[in-house]
Amino acid sequence: MAEAPRIRGYRSSDANEVNRLAVIAFEQFRDAFDDWPAMRAGQSKTSELSSGGEIIVAELGGRLAGAVGYFGPGVKKAAFFDQAWPVIRMLVVDSVDTVDRGKGLGHALTSECLARARRDRCRTIALHTSPIMTVALPMYLRMGFSKVHDAPPIHGVPYAVYTKAL
């Protein structure tokens, strides 16, 4: 039986590993972005999301294997989001040799964001993602998210906003 991920809150000692995971997770899309060095530079600062939101991490086998940012209601967000919505940002799973893919880490991290949105008494949660995210987007759709509107592209890659009623 596969080991279940351990979901926990971020600690400042996780910063370097969260940043590494973000870069690795997006590396597979490097050719899709028209400015990969700029995108990579942003990904390498993912731990800074902790200054405005909550980072949640997933451990597997005693090591960090995934992370996600949760930004609750009333926290400043990009203009293409309704500011009252909690938002899921930067879901990343370690993709080195795809060792951690397919083990439910993304689902578990997203589910924890849904639980936090319910804790915050929200009726809707949002995220933005891209069709190039061929694992994440279908997972979000299976979890009940639906497209609301297009969002500005990021370094030439199309994105859209998706919401889920809670």
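This text follows the structure it describes.
Residues numbered from 1 in each chain as written. Predicted model: local features only at pLDDT ≥ 70, side-chain atom pairs only at ≥ 80, totals over all residues. Heavy atoms only, no water.

Undergrad: Got a minute to help me understand the sheet that holds strand E4 (residues 87-93) in this structure?
TA: Sheets are built from strands paired through backbone hydrogen bonds, the pairs being either parallel or antiparallel. Here seven strands make up an open sheet; going across it, the order is E1-E2-E3-E4-E5-E7-E6 and the pairing mixed. Unpaired on one side and paired on the other, strand E1 (6-9) and strand E6 (146-154) mark the two borders of the sheet. Here the strands of the sheet are splayed against their neighbours by 25° on average, with no regard to which way each runs. Two strands pair when backbone bridges link them, and strand E3 (residues 63-71) and E4 are joined in this way by five bridges, in the antiparallel orientation. Its bridge partner being in E4, Gly 66 is matched across the sheet by Val 93. (Pairing = 2+ DSSP bridges. Helix = DSSP H or I, 4+ residues; strand = E, 2+ residues; numbered from the N terminus. Axes fitted to C-alpha atoms, helices over the stretch in contact; angles between N-to-C directions.)

Undergrad: Can you help me understand helix H1 (residues 15-27) in this one?
TA: Because the α-helix completes a turn every 3.6 residues, residues three or four places apart line up on one side. Look at H1: 18 Å from first C-alpha to last across 13 residues, which is about the 18 Å you get at 1.5 Å a residue. Within the sequence span of H1, burial applies to Ala 15, Val 18, Asn 19, Leu 21, Ala 22, Val 23, Ala 25 and Phe 26. Considering only its buried residues, H1 is in contact with helix H2 (36-43), strand E2 (54-60), E3, E4 and strand E7 (157-165). (Expected span 1.5 Å × (residues − 1). Buried < 20%, exposed > 50% of the residue type's maximum accessible area, 1.4 Å probe, protein only. Contact = heavy atoms within 4.5 Å.)

Undergrad: Please clarify how the pattern of salt bridges should be interpreted in this entry.
TA: Any two side chains of opposite charge can pair, on the condition that their charged atoms come close. Summed over the entire model, instances satisfying the criterion amount to twelve salt bridges. Here Glu 59 and Arg 8 are joined by a salt bridge, their closest N and O atoms 2.8 Å apart. With a gap of 51 residues between them, Glu 59 in strand E2 and Arg 8 in strand E1 connect regions that are remote in the sequence. Given a relative accessible area of 13%, Glu 59 falls into the buried group. Owing to a relative accessible area of 9%, Arg 8 belongs among the buried residues under this scheme. With its nearest N and O atoms 2.3 Å apart, the salt bridge here joins Glu 27 to Arg 30. Taken together, the shared-partner salt bridges in this structure form one network comprising Glu 54, Glu 112, Arg 116, Arg 119 and Asp 120. (Salt bridge = Lys/Arg side-chain N within 4 Å of Asp/Glu carboxyl O.)

Undergrad: Explain the nonpolar core to me, please; I cannot follow it from the model alone.
TA: Inside soluble globular proteins, nonpolar side chains tend to come together where they are buried. In terms of nonpolar packing, the biggest core is built from 51 residues, with Phe 26, Phe 33, Val 92, Ile 125, Phe 145 and Tyr 159 touching the most fellow members. Residues contacting Tyr 159, with those up to four places away along its chain left out, are Phe 26, Phe 33, Met 39, His 128, Thr 129, Ser 130, Met 133, Asp 150, Ala 151, Pro 152 and Ile 154. (Core = buried A, V, L, I, M, F, W, Y, C linked by side-chain atoms within 4.5 Å.)

Undergrad: Teacher, can you tell me more about helix H3 (residues 105-119) here?
TA: Here H3 spans 21 Å end to end across 15 residues, near enough to the 21 Å set by a 1.5 Å rise per residue. Residues of H3 that are buried: Leu 105, Gly 106, Ala 108, Leu 109, Thr 110, Cys 113, Leu 114, Arg 116 and Ala 117. At the C-terminal side of H3, Arg 121 shows a positive phi close to 60°.

Undergrad: Looking at this structure, I do not really get unusual backbone geometry. What am I missing?
TA: In most cases, non-glycine residues show a negative phi, while peptide bonds are predominantly trans. Phi is positive for Met 90, close to 55°, though the residue is something other than glycine. Its location among the elements puts Met 90 in strand E4. Phi is positive for Arg 121, which is not a glycine, with a value near 60°.

Spatial relationships are all this shows, so hold off on functional conclusions.
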